[in-house]
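# Analysis of the macromolecular model
What follows is the residue order along each chain.
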Amino acid sequence: MTTSIAVEQSIDQFRDRFLRITEEVGRRIVGHEEVVNLTITSLLAGGHVLLEGIPGVGKTSLVHTLADVLHLTFSRIQFTPDLMPADIVGTNIVQEHSHGGTFFEFQPGPIFANVVLADEINRATPKTQSALLEAMQDVSVSVGKTTYRLEQPFLVLATQNPLEMEGTYPLPEAQLDRFFFKLKVMYPSEEAMHQIIERTTRDADTTVTRVVDGPQLLEMRHIARSVPIARPVQAYAIRLALGTHPASPYATPLVKKYVRYGASPRAAQAIVLAAKIQALNRGQAFVSIHDVRAVALPALRHRILLNFEGEADETSTDTIVEELLAGLSTE
Amino acid sequence: MPLAALGAAAVILLGRVFFARREHTVSDAVAAGIDETAGLGGELRSASWFASRDTRDSWADYHLGRAARRLGDADWRALYPPIRAPRAKAVTAVLAISTVALAMFLPGRESLWPGASAKAAAANAIRAKGITDADLLLPEVQKELEALLAAAENGTAMPGGTPMTATELRSLINRLNALRDAGRLKDLARAMAPPGGGSEEPSKEMTAIAERAQKAAQSPAVAPDVRDTLQKVAEDMSDAARASQPPNQNASETTSSKDGQKSDAAPGKKGGDVDESSITSISEAETGGGAGVIMMGAKDEASGKSSPGIGMGGGSAARTDGGRMADLEAALRRETIEANTDNGGQNVQTEARRKTEHGQATVTYAHSAAGTFDRGRAVAPPPVPESRRAAVQTYFIRPQ
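### Focus: the overall build of chain A
Scanning chain A from N- to C-terminus turns up 15 helices and 11 strands. Across the 331 residues of chain A, 53% fall into the buried class. A fraction of 75% describes how many contacts in chain A between residues 6 or more apart in sequence connect residues 24 or more apart. Surface exposure of chain A reaches about 14,800 Å², of which carbon and sulfur atoms provide 52%.

Structure representation (structure tokens):
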């Protein structure tokens, strides 16, 4: 009985904090409820988010707001073609002792923050992009012979513009796979535009309060991982990931026609973990098929590599995942 | 009888109740279906899986407890309303009770047609005495068969001095077919044995009749249709005689054909009516091979005069116009001699293969000079369709 009460309290606490974060972000960000929800989900799962959208739809504002609300350290890196890895991770510089003599001292780069905004990540060279790989996967940075641990929670929120492709370097598959979600920030609706105009063209107070700090965020992560998932539901998540492979028996006609490589096992991990957070957010202590389906698209869309036919026909990976969701049996 | 039926029904009913009351294992598909009907949002499906686990943590226990509360709160009678069919149930009950009452209390019914009733009574009487239709046929069949055999042996082929039509013969054959059971044929043979001459072993009497019929069939004065009939009688009687022989006698006959290739196939039935006893395995002992040939006895092998044929079984010797054992033996001997004298080098194909395997082939691989590229001979790549041109150009600048 005591354990049941403790579990119930954990669920309520998680849900309450999640709601407070969402509401506080919503004070500044208008019309992107699903993006906000999934970004917080990714943050609580310990994953990184790739935000894609045209300029001016609020990608950078979202990341700024999230850092403010979460009481976390924030840094922004503007990716450009001449950006070097040392500009991200830091470098050893020569310092002079007060009593004479010199020594090397590590000067941390902007990656040493809780929330890192990698703005227009596809504008940097692959060499610089790969500087993020170790940080994103192992939450550490290696400079010379020394490896530095990054402070938890660590979240990379990268943005990229889908239109301007001139002078960009598409992210390699290994880098894409390390993003927990790829979220598309769409143009706001007419009603949302009204609210945006009213908030930004008046002298309105859009300051946000810090509702959750780092240790509380880590506690929420621990709670999220405690949610049990039944084997049939987990099997459905696995079938979803396997179904993106053309040779899989679960593959749909579109997958067989347009996909070169399907999602990696990280996709199934992301789906299950995100589904647990979605279940907690709904006040449930179990994961349902509905929770899995709700997070399948952002977890799979960037992990599917199209073949030439798919590229030539300008097929969207969203269409492929949606067909998979519609066709795959839940039993 | 009605009480036994009632008892059986009661046992079935008890079994049904026991089956319905025992604990069922709910499959995932069933749980998912109920979950969807009750609108439980996947909680029942998940809980049913955790309920089947032996070990559970506090979260799973909490999940199960909450699922149980939700299941208890669900209005299952509204979701799955009971089937109400009072009229159908009442009619079923009345009919069931009426059936039992009729079966228990009413006497056996009399037929409405007196003639049919008399026939049925006579048939019942015969059945009660253990007499069958075949028994009733015996005396007249005995007479006609005796007359047929006597006429054939006398060379008249006219039983009783009057011509026997094909219709009458077919009638006789049909009646004999009704007696193809070995026991019935034994009775027939006993009945046809001369007075005081009946032996203790019925198989001998049957064999005697079979021989009589066979001899009669070989008489030149016998008409073709009568000959066929007599041969059939002889075969049936011979089969019945073999079947009625003691088991040890059968075994001795079977083992007597061990030296199969030189002797003959076991006596069998006609090719179209083959049974297992007509299959004989003949091993080729002289050629040293362990392989055996399974051959079927031919149509005329009942007398044991013919030799086994070469065929793939099933009495195929006649169909394939195959040779006989002597031909097979000669062919095998010739092949064996040829194989022994076939030395390496004399066979052209063998020698050619050996040379190749030993690397003595004269054909060797030689590097050729690198070909010069002639632009004039280069084939132009297929033109890119206009609709795809933009996609091909931007292929390597793939959007994320």
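Continuing now.
### Regarding the pattern of salt bridges
Scanning all chains against the criterion turns up 17 salt bridges over all chains. Note that Lys184(A) is salt-bridged to Asp318(A), the shortest N-O span being 3.5 Å. Highlighted residues: Lys184(A) in strand β9 (residues 179-184) and Asp318(A) in helix α15 (residues 317-327), separated in sequence by 134 residues. Salt-bridge contacts for Asp28(B) lead to Arg45(B); the nearest nitrogen and oxygen are separated by 2.8 Å. Separated by 17 residues along the polypeptide, Asp28(B) in helix α2 (residues 28-38) and Arg45(B) in helix α3 (residues 43-51) bring together distant segments of the chain. Residue Asp28(B) is classed as partly exposed on the basis of its relative accessible area, which comes to 24%. In this structure, a network of salt bridges that share partners links the residues Asp177(A), Arg266(A) and Arg303(A).

### Description of the packing of helix α10 (residues 231-242) of chain A against helix α13 (residues 289-300) of chain A
Residue and element names in this part refer to chain A. The N-to-C vectors of α10 and α13 enclose an angle of 25°; their axes lie 10 Å apart at closest approach. One way to sum up the angle between α10 and α13 is to call them roughly parallel. Considering how the two elements wind past one another, α10 and α13 form a crossing that is right-handed. Residues Val233, Tyr236, Ala237, Leu240 and Ala241 of α10 form the contact with α13, whose participating residues are Ile289, Val292, Arg293, Ala296 and Leu300. Here the residues of the contact of α10 with α13 are counted per class, giving 9 nonpolar, no polar and 1 charged.

### Re a nonpolar patch on the surface
Residue and element names in this part refer to chain B. Taken together, the side chains of Leu3, Leu6, Met104 and Phe105 present a nonpolar region at the surface, about 430 Å² in accessible area. Elements that contribute at least two residues to the nonpolar patch include exactly α1 (2-21) and α6 (86-105). Turning to its location among the elements, Met104 is positioned in helix α6. Residue classification places Met104 among the partly exposed residues on the basis of a relative accessible area of 37%.

Procedures and definitions
- Residues numbered from 1 in each chain as written.
- Chains lettered and ligands numbered in written order.
- Predicted model: local features only at pLDDT ≥ 70, side-chain atom pairs only at ≥ 80, totals over all residues.
- Heavy atoms only, no water.
- Helix = DSSP H or I, 4+ residues; strand = E, 2+ residues; numbered from the N terminus.
- Buried < 20%, exposed > 50% of the residue type's maximum accessible area, 1.4 Å probe, protein only.
- Contact = heavy atoms within 4.5 Å.
- Areas by Shrake-Rupley, 256 points an atom, 1.4 Å probe, with all protein chains shown as cover.
- Salt bridge = Lys/Arg side-chain N within 4 Å of Asp/Glu carboxyl O.
- Axes fitted to C-alpha atoms, helices over the stretch in contact; angles between N-to-C directions.
- Parallel < 35°, antiparallel > 145°, perpendicular 65-115°, else oblique.
- Left-handed = near helix turned anticlockwise from the far one by under 90°.
- Nonpolar A, V, L, I, M, F, W, Y, C, P; charged D, E, K, R; others polar.
- Patch = residues over 30% accessible without salt bridge, like charges linked within 9 Å, V, L, I, M, F, W, Y side chains within 5 Å.

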